[in-house]
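Observations on chain architecture
For reference, the chains in residue letters:
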Amino acid sequence: MRRKLIAGNWKMNGLRAGGIALAGDLAGKCKAEAPNCDFLVCPPAHLLISVAEAIAGSGVALGGQDCHTAVSGAHTGDLSAEMLADAGCGFVILGHSERRADHGESSSLVRSKAAAAKRAGLTAIVCVGETADERKAGRALEVIESQVRESLPETAPEAAEASLVVAYEPVWAIGTGLTATPSDVAEVHGHIRKLLIELYGNDTGSAIRILYGGSVKPGNAAELMAVGDVDGALVGGASLKLEDFWAIGRSCP
Ligand code: 13P
């Protein structure tokens, strides 16, 4: 049974006081109420160390939003997977559509970053998803399949549930208030599951968590989290409000 993972991608939001308070409040709630899911927060890089302190001992995990492929070196502005691990991260989001669009990241680069995450002992959350035009043209599954085949590590992760996560985020649903229908989500997640089993074998492919992301809110979370092969959510805007993020976690069956 895959335990649900509710991951907050804060993106480029949050200054010190608010970010530390948000993380600390979530940590307090988790300590008091032992939720039915795993919580993860992925704040911007300048907050990683203070958020690590704010969530220590609460069970809330910490993740970065990107990493470089190299361990260290002349790469101005970048962070390595080892640096994220050193800051207290257990996870890193890779290949988010905003990085694919804003920074021209290709699936093969995402695959190299996933190898770097593995090298540093981080769980990679590899993001895939089609644009509105690709869905309208009936190409959603084809696009997602090629992103999965080209972005995911070639070799099977060692501890499946613990070392690789896939996030399906339709680009047109991110920050728009639009969400994929449960039947579209079921179709895509089922397809990703088949690919994971083909790539890594039945045991590993069945254990990897597949998250849905794109305008997940308290009002639609229960319906989405009840879909087969939806093993959690990658939440943007609603992860910045404690009540909303907590309510999404509480909606896990
Ligand atoms: P929103 O929840 O704001 O749509 O963002 C989703 C997302 O991109 C999470 O990575």
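Higher on the page you've got the structure.
Before going into details, it helps to say that this report is about the structure given with it. Position numbers for residues start from 1 in each chain and track the written sequence from start to end. In keeping with the predicted nature of the model, local features appear solely for residues at pLDDT of at least 70, side-chain atom pairs appear and are counted solely at 80 or more, and the whole-chain, interface and lining totals rest on all residues. The side-chain values count all of the structure's non-hydrogen atoms but skip hydrogen atoms and water molecules.

Residues are labelled near a given molecule or strand when at least one of their non-hydrogen atoms is within 4 Å of it. In the region of the ligand, 13 residues are neighbours, and Lys11, His96, Glu169, Gly175 and Ser215 sit closest. Within the contact set of the ligand, an oxygen atom lies 2.8 Å away from a side-chain nitrogen or oxygen of Lys11. Each polar contact in these results corresponds to two N or O atoms within 3.5 Å; when the atoms are within protein, one needs to be able to donate a hydrogen and the other to accept it, and residues that are neighboring in sequence are counted only if both atoms are side-chain atoms. At a separation of 2.9 Å, an oxygen atom of the ligand approaches a polar side-chain atom of Glu169. To be clear on the numbers: accessible area is Shrake-Rupley with a 1.4 Å probe, and residue cover counts the displayed protein chains and nothing else. Burial of the ligand by the protein chains amounts to 96% of its free accessible area of 310 Å².

Within 6.5 Å between ring centres, the rings of Phe, Tyr and Trp (the latter by its six-membered ring) count as paired, and their orientation is classed by plane angle as stacked under 30 degrees, edge-to-face over 60, tilted in between. Taken as a whole, this structure holds three aromatic pairs when the rule is applied. Here the aromatic rings of Phe39 and Trp246 are separated by 5.4 Å at their centres, their planes lie at 10°, and the arrangement is stacked. Of this pair, Phe39 sits in strand β2 (residues 38-42) while Trp246 sits in helix α12 (residues 242-250), and the two are 207 residues apart along the sequence. When a residue's accessible area, from a 1.4 Å probe over protein chains only, is under 20% of the maximum for its type it is buried; when over 50% it is exposed; and in between it is partly exposed. Taking the relative accessible area as the measure of exposure, Trp246 reaches 7% and is therefore buried. Here the aromatic residues Phe39, Phe245 and Trp246 are joined through ring pairs into a cluster of three or more. Helix numbering and strand numbering both begin at the N terminus, where a helix is a DSSP run of H or I of at least 4 residues and a strand a DSSP run of E of at least 2.

So, about the pairing of strand β8 (residues 232-235). Burial along β8 is two-sided: the residues Gly232 and Leu234 and Ala233 and Val235 are all buried. Any two strands are treated as partners once DSSP identifies two or more bridges connecting them. Pairing between strand β1 (residues 5-9) and β8: four bridges, direction parallel. When the bridges of β8 are listed, Ala7 appears paired with Leu234. Where strand β7 (residues 209-213) lies against β8, two bridges are found, and the strand directions are parallel. By the bridge assignment, Gly213 is partnered in β8 with Leu234. Assignment of crossover handedness uses the view with strands pointing away from the viewer, where a clockwise path from the first strand over the helix to the second indicates a right-handed crossover. Crossover handedness for the path β7 to helix α11 (residues 218-225) to β8: right-handed.

So, about the nonpolar core. Residues Ile6, Leu26, Phe39, Val41, Ile192 and Tyr212 are the most contacted members of the largest nonpolar core, which totals 64 residues. Sorting elements by how many residues they give to this core places helix α9 (residues 182-200) first, with six residues. Whether two residues touch is decided by their heavy atoms; if any such pair falls within 4.5 Å, the residues are in contact. Among residues more than four places away in sequence, those in contact with Ile192 are Val128, Ile144, Val148, Val166, Tyr168 and Ile210. Here, nonpolar core means buried Ala, Val, Leu, Ile, Met, Phe, Trp, Tyr and Cys residues that are tied together by side-chain atoms lying within 4.5 Å of each other.

What follows is about the sheet that holds strand β6 (residues 164-168). Read once around its circumference, the closed barrel built from eight strands follows the order β1-β2-β3-β4-β5-β6-β7-β8, with strand pairing classed as parallel. Strand-to-strand twist in this sheet, taken as the mean axis angle between neighbours without regard to direction, amounts to 25°. In the sheet, strand β3 (residues 61-64) pairs with strand β4 (residues 91-94) via two bridges, with the strands oriented parallel. From the neighbouring strand, Gly64 faces β4, where its bridge partner is Val92. Orientation is described by axes fitted as lines to C-alpha atoms, over the contacting stretch for helices, and by angles from 0 to 180 degrees between their N-to-C directions. Each of β2 and β3 touches helix α2 (residues 48-55); the most contacted strand, β3, lies at about 170° to it.

For this analysis, a salt bridge means a side-chain nitrogen from Lys or Arg found within 4 Å of a carboxyl oxygen belonging to Asp or Glu. Taken as a whole, this structure holds 22 salt bridges when the rule is applied. Note that Lys136 is salt-bridged to Asp133, the shortest N-O span being 3.9 Å. Note that Lys136 and Asp133 are positioned in helix α6 (residues 132-136) at a spacing of three residues, about one turn of the helix. Linking Asp231 and Arg193 is a salt bridge whose minimum nitrogen-to-oxygen distance equals 2.9 Å. Of this pair, Asp231 sits in the loop between α11 and β8 while Arg193 sits in helix α9, and the two are 38 residues apart along the sequence.

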